[in-house]
Amino acid sequence: MKKIAVLTITVLFLWSCTENGPSGPDPDDFDREAILINWADNIIIPAFTHLSETTKDLHSSAQNFSSAPNQQNLEELRDSWKDAYIAFQHVAMFEMGTAMDLRYRDNLNIYPTDTTEIKDNILEGGYNLELPSLNDSQGFPALDYLLHGLDENDTELLSYYTSDANADQYLSYLVDLTARINSLTAQVLDSWSTGYRDEFVSNSNNGANSSLDMMVNDYIFYYEKHLRAGKIGIPAGVFSGTPLSSHVEAYYSQGFSKTLFNEALTASIQFFNGIHFESEVNGQGLDDYLDYLNTMKDGADLTTLINDQFQDARNKSESLDADLAAQVENDNSKMLATYDELQRNVVHMKVDMLQALNINVDYVDADGD
Amino acid sequence: MRLLKLILILILAFVFYSCDSNNAPNIDAPEIYEFTRNGESTVSFTGQTTRIQMAAELTSAMLDFDNATEASLLQMYRNETEDGGDANPFENADLNAATKNIKGKVAASADFFSSNTQLSAEIKNQFEAWITAQTEEVFPNEDSLAAVGKPGQIADGSSTRYVNAKGLEYNQLVGKSLIGALMTDQMLNNYLSTSVLDAGTNREDNSNGTLAEDANYTNMEHKWDEAYGYLFGTAADLANPIPTVGEDDDFLNKYLGRVDGDEDFNGIAQETFDAFKLGRAAIEAGAYDVRDEQAQIIRENISTVIAVRAVYYLQSAKTFLDQPEPLYGAIFHDLSEAYGFIYSLKFTRIPNTDTRHLTLQEIEDMLTNLEAGQGLWDIESSTLDQMSETIAAQFEFTVEEAAN
């Protein structure tokens, strides 16, 4: 009799345990490699391939401009810069492997750019663009300044490259910058095409050093720091209390910052859903993983919540001025409203998604000192 | 039976109540750090504010490659020229006009150094050695990439750090070690000490309301305020510093704020502030036991802040070191801060004793360990764990609590 009682209690205990514990599919059973393959072959490598074509064009446009600095070549160089800058938005989140070793993103896109340092480099020469302290005087933002910011007036701007006493140094600095963008991009693409792809795909376990954990962390880090904060929050003054319109991306081109933001948002949405680069094909992505796990939040499907929230951010941003700096100056509340929508997805992804996927955040907010 | 219990409880309650009223005369601490006599404030700590500001200019000038020189930096540390003349090295004109300086108050407390001048001189000179090394080793390599055995710059995220051949940032060594050698030592081992508070006729004067010359405060009140000034001397609101704690300097205030922000230590800032207020009110009331109890609370808390940050940075560096691709820039920066906080452990004080939490030998061993071999380039995470445990073992917190 006693035995039966003990048994019954044990059974009851175990039963209630399983009832309360996690139920449903186990993350371990999901085919993570399928996601990694889709990311590598249909998103990351095609995006880098496309970017490397645009940076080649950028560099040759700069060389053309250097041999004949006139209005037409300036326009062409500006167009190439725009194409490459847009293409860059599709790879900016992939700071891993060689990109991480090279500190690729910091070399290509730290803004606001340091215009004093740019002028010092040009006038003094002898600069070493590999130094971390020169990260903010190179890349796309430095080109933005050199192609749009030296003067408001194109004739005056061109004179820096033609009649200025240091015109040759201006031209060679320009070409050095495009050469570096092009060669860094080629190095990253090359590593993906020659081995890193296989290493990335085969590291499909779970755990802090697995590809999926690292990639998801990089993705959320990018979304939080570079998309939400860098493109919208910092210029809107969310962190400083005072709006900083000059901190928008592509500040000097006056009217390109919203395009870059939109492109980056698109890239983030496509990555989450596993949509192939420059295609409508929807492959395996984080949405499928979450769906497999039946992830719900407050009674709603988490994938749907995240995608709806992306859409809300998109909708909110639609009324923004093409020049986000002008938007900050004229009606910053719309910037803040866009920021708030972006922020909501930080919570969905960084808290709810990571919990469902059993991934730990591997970065902390910088100490700031 | 029940009645008996009730009576017992009543008796106990009465005993506790009477104990309480015997030991602690009821002292009302004000809401904020504001004390007056004849309608005028009696609070003064301008010398502390000045030294915090001098230290801030010094540490930032250590990275001013274009303008700073060994001579100008040493002048900031001493506020005088090499041959003892008047110097004006600061940007803030008030600091140039001031007769105070940093060096004179480094490792200069009554309790720890008045009969230990050899050690005091050694520590004072250590700061000069770091300053000189910055200009001799790091300045010429401003535009080189740091490598094993080679000073230069290294990226830490999107920041650039400037390190010596062993990966250490001298500016961090100076800044974080001053937290111990200047602020903490002066506070815990000098101004909060009975040897200073009760020096000469201070106690009698204070009890009789005899004021210091040309002042509206008694000597004892002023000493207590000077301790307060090393923590809150640059607060946005000097009398009500808690709302901005952590934002008011890059020294002790900042890290009290940081530790307070860790939920394991939440409340430490308010508790420290309350102890300062109550201690000061106790001085006015002539309740010297209450004063001394508050001093012990402050010793405990400030010592804890230093130890927590030392462990925090050791553990943060360990996280970066354990990654498949160690982030050396981040590791070096964390360990340079850790180095300074470990150095600062030389000035902590176990409440109700005359001793620091770790022995000087233990502290020196840890610092030597960080610099051994190729320095931070070949540090191992087991070493960082060992140091963290060594420190935490002498305090009331765990490595885990400090790390997050």
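None of the values given here were measured: they were computed from a predicted structure. (Residues numbered from 1 in each chain as written. Chains lettered and ligands numbered in written order. Predicted model: local features only at pLDDT ≥ 70, side-chain atom pairs only at ≥ 80, totals over all residues.)

Student: What's the story with the overall build of chain A in this structure? I'm lost.
Tutor: Counting its regular elements, chain A contains 14 helices and 2 strands. With the C-alpha coordinates aligned to their principal axes, the bounding extent of chain A is approximately 105 × 50 × 45 Å. Classification of the 369 residues of chain A by burial places 42% in the buried group. Restricting the contact set of chain A to residue pairs at least 6 apart, pairs at least 24 apart contribute 74%. (Helix = DSSP H or I, 4+ residues; strand = E, 2+ residues; numbered from the N terminus. Buried ≥ 20, exposed ≤ 12 C-beta atoms within 10 Å, placed from the backbone. Contact = placed C-beta atoms within 7 Å.)

Student: In this structure, what is going on with the overall build of chain B? I would like to understand it.
Tutor: Each helix and strand in chain B was counted, giving 17 helices and 4 strands. For 404 residues, the compact-globule estimate of 2.2 N^0.38 gives 22 Å, and chain B sits close to it at 23 Å. Principal axes of the C-alpha set define a box for chain B whose edges measure 80 × 60 × 40 Å. Put simply, chain B has 404 residues, and 47% of those count as buried. Restricting the contact set of chain B to residue pairs at least 6 apart, pairs at least 24 apart contribute 66%. (Rg over C-alpha atoms; globule rule 2.2 N^0.38 Å.)

Student: Explanation requested: the environment of Lys223 of chain B in the structure shown.
Tutor: All names here are of chain B. Inspection of the secondary structure puts Lys223 in helix α10 (residues 219-232). C-beta crowding within 10 Å serves as the criterion here: with 22 such atoms nearby, Lys223 is assigned to the buried category. With 31 residues separating them along the chain, Lys223 and Leu192 place their C-alpha atoms 7.5 Å apart. Non-local contacts of Lys223, meaning those with residues more than four positions away in its chain, are made with Tyr191, Val196 and Leu197.

Student: What am I meant to see in the interface of chain B and chain A here?
Tutor: It is common to give the size of an interface as the accessible area that goes away when the parts come together. Listed per partner, the contact involves 11 residues of chain B and 14 residues of chain A. Per-class residue counts for the side of chain B that touches chain A are 4 nonpolar, 4 polar and 3 charged. (Nonpolar A, V, L, I, M, F, W, Y, C, P; charged D, E, K, R; others polar.)

Student: Could you clarify how one ought to interpret the packing of helix α10 (residues 211-233) of chain A against helix α14 (residues 324-357) of chain A in this entry?
Tutor: Between two packed helices, the angle of one axis relative to the other and the distance separating the axes together describe the packing. All names here are of chain A. Interhelical geometry of α10 versus α14 gives an angle of 170° and a closest axis separation of 10 Å. With respect to α14, the axis of α10 lies roughly antiparallel. Residues Val216, Ile220, Tyr223, Glu224, Leu227, Arg228, Ile232 and Gly233 of α10 form the contact with α14, whose participating residues are Met335, Thr338, Tyr339, Leu342, Gln343, Val346, Met349, Lys350 and Leu357. Here the residues of the contact of α10 with α14 sort into 11 nonpolar, 3 polar and 3 charged. (Axes fitted to C-alpha atoms, helices over the stretch in contact; angles between N-to-C directions. Parallel < 35°, antiparallel > 145°, perpendicular 65-115°, else oblique.)

Student: Explain the environment of Asn203 of chain A here, please?
Tutor: All names here are of chain A. Along the chain, Asn203 falls in the loop between α9 (167-202) and α10. Judged by the 18 C-beta atoms lying within 10 Å of it, Asn203 is partly exposed. Taking C-alpha positions, Asn203 is 44 Å from Thr242, a pair spaced 39 residues apart along the chain. Ignoring anything within four residues of it in the chain, the contact list for Asn203 reads Ser210 and Ser211.

Student: Looking at this structure, how should I read helix α13 (residues 302-318) of chain A?
Tutor: Every α-helical turn comprises 3.6 residues, leaving residues that sit three or four positions apart pointing alike. Residue and element names in this part refer to chain A. If you check α13, its first and last C-alpha atoms are 24 Å apart, about what 17 residues at 1.5 Å a residue would give, namely 24 Å. For α13, the set of buried residues is Leu302, Thr303, Leu305, Ile306, Phe310, Ala313 and Ser317. Elements in contact with the buried residues of α13: α11 (257-273), α12 (286-292), β1 (296-297), β2 (300-301) and α14. (Expected span 1.5 Å × (residues − 1).)

Student: What should I look at first to understand unusual backbone geometry in this one?
Tutor: Residues and elements named next belong to chain A. The residue after Tyr111, namely Pro112, is reached through a cis peptide bond having omega 0°. By the element assignment, Pro112 lies in the loop between α5 (104-108) and α6 (115-124). In the Ramachandran plot, Asn294 falls in the positive-phi region, its phi being about 55° despite a non-glycine side chain. Looking at the element boundaries, Asn294 is found in the loop between α12 and β1.

Student: Would you mind going over the environment of Ala275 of chain B with me for this structure?
Tutor: All names here are of chain B. As for its placement among the helices and strands, Ala275 is situated in helix α12 (residues 268-285). Counting along the chain gives 126 residues from Ala275 to Glu401, while the straight-line C-alpha distance between them is 24 Å. The residues contacting Ala275, other than those within four sequence positions of it, are Gln294, Ile297 and Ile298.

Student: Please clarify how the pairing of strand β3 (residues 152-156) of chain B should be interpreted in this entry.
Tutor: Successive residues of a regular strand alternate their side chains across the two faces of the sheet. All names here are of chain B. Of all 5 residues in β3, 5 are buried; the element is thus mostly enclosed. Alignment of β3 against strand β4 (residues 159-163), held across 5 bridges, turns out to be antiparallel. Paired with Ala155 across the two strands is Thr160, which belongs to β4. Two successive antiparallel strands, β3 and β4, enclose a turn made up of 2 residues, where Gly157 displays a positive phi of approximately 60°. (Pairing = 2+ DSSP bridges.)

Student: I keep staring at the confidence of the model for chain A and nothing clicks. Help me out?
Tutor: Should the pLDDT be low somewhere, the predicted coordinates at that spot are not to be read in detail. For chain A, the average pLDDT comes to 92, and 92% of its residues sit at 70 or higher. Per-residue pLDDT stays below 50 along residues 6-22 of chain A; that stretch engages in 0 contacts with residues further than four places along the chain or on separate chains. (pLDDT = per-residue confidence, 0-100.)

Student: Just to check I follow, could you spell out the nonpolar core for this structure?
Tutor: Within the largest apolar cluster, 109 residues are counted, with the highest numbers of intra-cluster contacts made by Ala310 and Leu335 of chain B. Of all the elements, helix α13 (residues 288-321) of chain B adds the most residues to this core, at 16 residues. Residues within four places of Leu335 of chain B in sequence aside, it is in contact with Tyr313, Ala317, Leu370, Leu376 and Ile379 of chain B. Counting residues in each nonpolar core, the second largest holds 93 residues, with Ile44, Tyr111, Ile232 and Phe271 of chain A among its members. (Core = buried A, V, L, I, M, F, W, Y, C linked by C-beta atoms within 7 Å.)

Student: Can you walk me through the confidence of the model for chain B in this structure?
Tutor: Residues and elements named next belong to chain B. Across chain B, the average pLDDT comes to 94, with 94% of residues at or above 70. Here residues 18-22 is a poorly scored stretch, pLDDT under 50, and it has 0 contacts once near neighbours within four places are set aside; other chains count. Predicted complex metrics record ipTM = 0.73 and pTM = 0.83.

Student: Looking at this model, I keep getting lost on α14 of chain A. Mind explaining?
Tutor: Residue and element names in this part refer to chain A. Here α14 spans only 35 Å end to end across 34 residues, well under the 50 Å set by a 1.5 Å rise per residue. The largest bend in α14 amounts to roughly 120° and is located at Asp331. All buried positions along α14 are accounted for by Leu324, Ala325, Gln327, Val328, Met335, Thr338, Tyr339, Leu342, Asn345, Met349, Met353 and Leu357. In this fold, the buried residues of α14 make contact with α10, α11, α12 and α13. Looking one or two residues beyond α14, the residue adopting positive phi is Asn358, at roughly 60°. (Bend = angle between axes of the 7 residues up to and from the residue.)

Student: I would appreciate a short explanation of the packing of helix α2 (residues 46-61) of chain B against helix α3 (residues 70-78) of chain B in the present structure.
Tutor: Residues and elements named next belong to chain B. One way to put it is that α2 packs onto α3 with a least axis distance of 9 Å and a crossing angle of 160°. With respect to α3, the axis of α2 lies roughly antiparallel. Considering only the axes of α2 and α3, their crossing is left-handed. Residues Met54, Glu57, Leu58 and Ala61 of α2 touch α3, and the partners they reach there are Leu73, Met76 and Tyr77. Among the residues forming the contact of α2 with α3, the class breakdown is 6 nonpolar, no polar and 1 charged. (Left-handed = near helix turned anticlockwise from the far one by under 90°.)

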